[in-house]
Amino acid sequence: MSAREDAFRDPARVAALTARLREQAGRLEREIAIMEVCGTHTHAIAEAGIRRLLPTGIRLISGPGCPVCVTPVDYLDRAVALARLPDVIVCTFGDLIRVPASETSLEHERAVGCDVRDVYSARDALRVARDNPDRRVVFLGVGFETTLPTIAAALDEAEREGIGNFQVLAGGKLIEPPLRALLSDGEVEVDAFLLPGHVSVILGSDFYRFLADEYQVPAAIAGFAPVDVLAGISELVRQIASGRPRVANLYPRVVCAGGNRLAQELMERFFEPVDTRWRGLGEIPASGLGLRQSYAHRDAGHIEVDVVRSRESPGCRCGEVLKGVIEPPECPLYEKVCVPDDPRGACMVSSEGTCAAWYRHERYAAGARA
Amino acid sequence: MKRFDRILLGHGAGGRLTQDLVRGLFLPTFDNPALHGLSDSALLDALPSGRPALTTDAFVVDPPVFPGGDLGYLSVCGTVNDLAVAGARPLWLTWALILEEGCEESLLRTIAEGAARAADEAGVKIVAGDTKVVPRGKGDRIYAVTTGLGVSPIERDMGDHRITPGDAVLVSGSLADHGATVMACRHGLEGRGLRSDCMPLASLADALLECGADVHSMHDPTRGGLGTLCAEVAGRAGLRITLQESSLPVRSEVKGACELLGLDPLHLASEGRLVAFVKDGDADKALACMRGHPGGREAERIGDVEERVAGRAPVALLTAIGGERPVDLLSGANLPRIC
C-alpha cells in the first residue's frame, strides 16, 4: 500500500471526520438512511468497523451492488448444466462456486468430477482455453460495468487470435436500472446514495446526474478507505441538510467526469442491454448485458442443455436484504442455518455479500458499541 | 546411482530403482548413524528423561518450491515447530514421500536437500523414511508426510489451560508472509519482495522458555493464520482476546498482495512464527528475549487476553481507526493448498 493510500486510513483524519459527523447528526431533524450501493463498500465498512463510529441518526443500508449476490438462481442452474457436459471446462470467479443453485452448487459438482476452475480474471479463462484446444471453455461472465470491460477485452483477444473454444455465459448487470427500480419501488426508504468508486472509474461521475436531476436524491462517489467512506457520508448528510442534492465526486484521484471511454467502447462492441432477472429485484427491462448477435458464436447461452426448474432456498430472504428492506439478522435463516461454511443464500457467500459481511464483522455490534 | 531425470513407478516398487533412490539420494542427503543399517526400523538412543511428545503432519504445498523455501524444508520446519511450541525439544523425525510418476529428479533432490537443511538448522535427525510412487495424474508431483518425536521436561506446565485474563499476546515476527507468498506464486505475482517466513522455531522457543518469563502457552499460526489460532484458543480457554490492528506486523508487500487477491492477512499462514501467551508482568522480558534471538528480531506485543464478556466477540480486532470487528475461524474458502 502506498503512503498516499495510507493517508486515507489515518486515525487522526478519521477522528476529525467522526467528530464532524456527530455535529452534523445533532442538527438532523430525523433519522436518515444512506444506501451503499456497492459490495466493496459493504465489505470495507464492515472490515474497518465504520458502523460503530457513526452517530445515532445515521443508518447505513446495503444495496444491490454485489454481483455474486444479484445473480439469479436460474443462471447458476444453467452454469451447473454446462459444467456437467463432459467436454466443457467452466471457469469462474471463486465466489460463485459456493453459491447454492436449485439442487446443488458448482463446488459440489466439482467434487463429483465436473471440471470447474476458479480464476481471477476472464483472461485467465482465455488462457485455459488456449491450453485446452480440444475442450470448450465457458467463462461465467457476471459483474457490473467494472468487470464487463475486462470480459470484453478477453473476447476481443479471443477474436483476434482466433481462439474458437472460448465462450461466455453472459450474466452482466448495469448499475443504473436497479437504482431507478429502488427509487420507484417505494418499499425502501433511501435518503441518499454512497456510489461505488470502481464502477465510476468506468462510467464517470456525470453518469449519475439522473439521481439528482430526476429523483432529487443526494449522491456521492467515494473510495473504499475509511477516510473516503466517512467523507462520503459527511457530504451526503450535508446535502440532505441543505436540501440541495447533487452528485459529488469525492474520488477524483481515480474518477473523472466522462469515465473510461475505451472501456465503454469495448463493452458496447460486444454487449447490448437485455431484460434480465435480479435476485431480489425480479426482472428489470434492459438491465443486463447480453452478447450481441454478431458474437453469438461466443455465447454459451446458446449451448443446448437440460436445466432444472429453478427454485430459491426456502425461507431465504436474500432478496429483501439486497433491496435494503431488512437487515441480515431479520432473516430467519441468518446465523442459525445460513453461515459462511454452509450458505443457503447468495448474500452469505461473497465477502462483499451483505450477510457475509455482517456475519464476519457485525455480529457483536451492539456489545461493541455499548 | 543410475542416471535418471524422472521418477518412474519402479522407484516406489521396492526393487532396484528404489535402492538407487535410497542409496543414491536419501542416504547421502540425510546421513546419520540411525540410517546406516537400512533396517526395517530405526533403533534409537534411549529417550532423554521427560515426557515424550509426538506429532504428525502432511505437506502438499503447491508450488513445491517457492521464495524462501520448498516442500521439504517446510515439512521439517512444520513438524519441528509443532513440537517446539508444545514446549518439547525435537529429536527425531520420519519423512515419507508420495511421488507422482514423472516427477523431476531435480525437484526431488531440491526437496530432499531442503529437508536436510531444515533438520540441520533445527538440530534434529531424520531417522526413517519411505517412498511410494503413484501413477501419473493420481497425485501432484510430490507430497510429504512426517512424524516428529521430542521430549518435554516433566515439570513443564504449559498449554491453553494456563492462559488467564491479563496475559499478553506476543508474536515473534511479521505475519502471513508464507501464505501470501504461496498464493502470489500461484497467481503469477511472485517477485514482489514476497518471501516465505518458513524456519525452525526450536531454538527460539527454547530461549523463550529459559528466559525467566512465565510463558503460559505457545502456538505457531500456520493454516488459518493468527485469526483462526486466536479464535480456537479463545474458544478452548473460554476467554476473550483483543488484537491491536496498529501493532500487527504485516509487511507492506504482504498487505499489497492481500489487497490484490482479496485475502485477509489474519487468515494466512506463517510457517516460522511463534505466538506466545505470557503472564502480563513478564511481557517485556519475553519480548526482549525474542528480539535478541535471530528468529524473533521483529517480535511485537499484539494483543491482550481478557475475561469473556457476554454479547461481545471472543476475538476482536481493534481497528487502527478506532473501530472493532470480530475475528473468526477461517471459513470454507477456496484457498489453494499452501502447506
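Residues numbered from 1 in each chain as written. Chains lettered and ligands numbered in written order. Predicted model: local features only at pLDDT ≥ 70, side-chain atom pairs only at ≥ 80, totals over all residues.

**Examining the overall build of chain B**
Helix and strand content of chain B: nine helices and 13 strands. A principal-axis box enclosing the C-alpha atoms of chain B has dimensions of 65 × 50 × 35 Å. Looking at chain B as a whole, 48% of its 339 residues qualify as buried. Within chain B, counting contacts between residues at least 6 apart in sequence, those at least 24 apart form 85% of the total. (Helix = DSSP H or I, 4+ residues; strand = E, 2+ residues; numbered from the N terminus. Buried ≥ 20, exposed ≤ 12 C-beta atoms within 10 Å, placed from the backbone. Contact = placed C-beta atoms within 7 Å.)

**Focus: the overall build of chain A**
When helices and strands are counted, chain A shows 16 helices and 11 strands. For a compact globule of 370 residues, the expected C-alpha radius of gyration is about 21 Å, and chain A comes in at 21 Å, within 12% of that figure. Dimensions of chain A, computed from C-alpha atoms along their principal axes, come out at roughly 65 × 45 × 40 Å. Across the 370 residues in chain A, those meeting the buried criterion constitute 53%. (Rg over C-alpha atoms; globule rule 2.2 N^0.38 Å.)

**Section: helix H9 (residues 176-185) of chain A**
Residue and element names in this part refer to chain A. Among all positions in H9, only Pro178, Leu179 and Leu182 are buried. Summarising the axial view, the buried residues of H9 lie within an arc of 105°, below the 170-degree limit, and thus occupy one face. Tucked inside the fold, the buried residues of H9 contact strand E1 (32-38), strand E2 (58-65), helix H11 (209-215), strand E10 (271-278), strand E11 (282-291) and helix H14 (318-323). Directly beyond the C-terminal end of H9, a positive phi value near 85° is found at glycine 186. (Arc of directions from axis to C-beta.)

**Points about the environment of B:Arg141**
Residues and elements named next belong to chain B. You can see arginine 141 is positioned in the loop between strand E5 (125-134) and strand E6 (142-152). Taking the C-alpha atoms as reference points, arginine 141 and arginine 162, 21 residues apart in sequence, are found 43 Å from one another. Ignoring any residue separated from it by four or fewer positions in sequence, one finds arginine 141 in contact with Pro64, Glu100, Cys103 and Leu107.

**A look at unusual backbone geometry**
Residues and elements named next belong to chain B. Of note, the amide linkage connecting aspartate 62 to proline 63 takes the cis form, showing an omega dihedral of 5°. Among the secondary structure elements, proline 63 is positioned in the loop between strand E1 (51-59) and strand E2 (65-66). Positive phi, close to 50°, is recorded for leucine 38, a residue that is not glycine. Note on placement: leucine 38 falls in the loop between helix H2 (33-36) and E1. Despite not being glycine, alanine 176 has its phi angle at roughly 75°, a positive value. By the element assignment, alanine 176 lies in the loop between strand E7 (168-171) and helix H5 (177-186).

**A few points about the interface of chain A and chain B**
Counting residues at the interface gives 28 residues for chain A and 22 residues for chain B. Within the residue set of the side of chain A that touches chain B, elements represented by two or more residues are helix H2 (11-26), helix H3 (39-48), helix H15 (354-362) and helix H16 (365-369) of chain A. The class makeup of the residues in the side of chain A that touches chain B is 15 nonpolar, five polar and eight charged. (Nonpolar A, V, L, I, M, F, W, Y, C, P; charged D, E, K, R; others polar.)

**Observations concerning the domain arrangement of chain B**
All names here are of chain B. Segmenting chain B into domains produces domain 1 (9-152) and domain 2 (160-326). For domain 1 versus domain 2, the distance between C-alpha centres works out to 28 Å. Contact with domain 1, which involves 22 residues of that partner, is made by 24 residues of domain 2. Here the side of domain 1 that touches domain 2 takes seven residues from helix H3 (residues 71-84), the largest share from any one element. For the side of domain 1 that touches domain 2, the per-class residue count stands at 13 nonpolar, six polar and three charged. (Domains from an automatic or database assignment.)

**Observations regarding the nonpolar core**
As a rule of thumb, nonpolar side chains are buried together in soluble globular proteins. Residues A:Ala79, A:Val90, A:Phe193 and A:Leu194 are the most contacted members of the largest nonpolar core, which totals 121 residues. The element that contributes the greatest number of residues to this core is helix H12 (residues 226-242) of chain A, accounting for eight residues. For A:Val90, the contacting residues outside a window of four places in its chain are A:Ala79, A:Leu82, A:Ala83, A:Leu106, A:Asp115, A:Val116, A:Val138 and A:Leu140. Listed in part, the 101 residues of the second largest apolar core include B:Phe66, B:Val127, B:Ile163 and B:Ala168. (Core = buried A, V, L, I, M, F, W, Y, C linked by C-beta atoms within 7 Å.)

**So, the pairing of E1(A)**
Residue and element names in this part refer to chain A. Counting buried positions along E1 gives six out of seven residues, so the element sits mostly inside the fold. Strand direction decides the pairing type here: E1 and E2, joined by six bridges, are parallel. When the bridges of E2 are listed, alanine 33 appears paired with arginine 59. Note that the unit made of E1, H3 and E2 has a crossover that is right-handed. As judged from the three bridges shared by E1 and strand E7 (residues 192-195), these two strands associate in the parallel manner. Considered in E7, the bridge of methionine 35 is made with phenylalanine 193. (Pairing = 2+ DSSP bridges. Right-handed = clockwise from strand over helix to strand, strands pointing away.)

**Digging into the sheet that holds strand E4 (residues 89-100) of chain B**
Residues and elements named next belong to chain B. Pairing is mixed in the open sheet, where four strands are placed in the order E1-E6-E4-E5. The open sheet terminates on both sides in strands that have one partner only, identified here as E1 and E5. Averaged over all neighbouring strand pairs, the angle between strand axes comes to 15°, with direction disregarded. Here E4 runs beside E6; their pairing, made up of 10 bridges, is antiparallel. Each bridged residue has a counterpart across the sheet, and for tryptophan 92 the counterpart in E6 is leucine 149. (Axes fitted to C-alpha atoms, helices over the stretch in contact; angles between N-to-C directions.)

**Some details on the sheet that holds strand E10 (residues 275-278) of chain B**
Residue and element names in this part refer to chain B. The sheet built from seven strands is open, its strands ordered E8-E10-E7-E11-E9-E12-E13 with mixed pairing. A strand with exactly one partner marks an edge of an open sheet, and here the two such strands are strand E8 (215-219) and strand E13 (324-326). Taken pair by pair, the neighbouring strands of this sheet meet at an average axis angle of 25°, ignoring direction. Where strand E12 (residues 315-318) lies against E13, three bridges are found, and the strand directions are antiparallel. The residue of E13 that forms the bridge with leucine 317 is arginine 325. Packed on one face of the sheet, helix H7 (residues 225-237) meets E8, strand E9 (239-244), E10 and E12 and runs near 155° to E9.

**Looking at the environment of B:Ser75**
Here B:Ser75 lies in helix H3. Beyond its immediate sequence surroundings of up to four residues, B:Ser75 is in contact with B:Phe59, B:Trp95, B:Ala115, B:Ala144 and B:Thr146.

**Some details on helix H8 (residues 252-261) of chain B**
Residues and elements named next belong to chain B. Restricting attention to buried positions, one finds in H8 the residues Val254, Ala257 and Cys258. Each buried residue of H8 lies within a common arc of 100° when the element is viewed along its axis, so the set occupies one face. Next to the buried residues of H8 lie H5. Just past H8, the residue glycine 262 takes up positive phi, approximately 70°.

**Considerations on the packing of helix H7 (residues 122-131) of chain A against helix H8 (residues 148-161) of chain A**
A packed helix pair is summarised by two numbers, namely the angle formed by the two axes and the spacing between the axes. Residues and elements named next belong to chain A. With their axes 8 Å apart at the nearest point, H7 and H8 run at an angle of 30° to one another. By the angle class used here, H7 and H8 are roughly parallel. Like other packed secondary-structure pairs, H7 and H8 cross with a definite hand, here right-handed. Contacts between H7 and H8 pair Ala122, Arg123, Ala125 and Leu126 from the former with Thr150, Ile151, Ala154, Glu157 and Ala158 from the latter. For the contact of H7 with H8, the class distribution of residues is six nonpolar, one polar and two charged. (Parallel < 35°, antiparallel > 145°, perpendicular 65-115°, else oblique. Left-handed = near helix turned anticlockwise from the far one by under 90°.)

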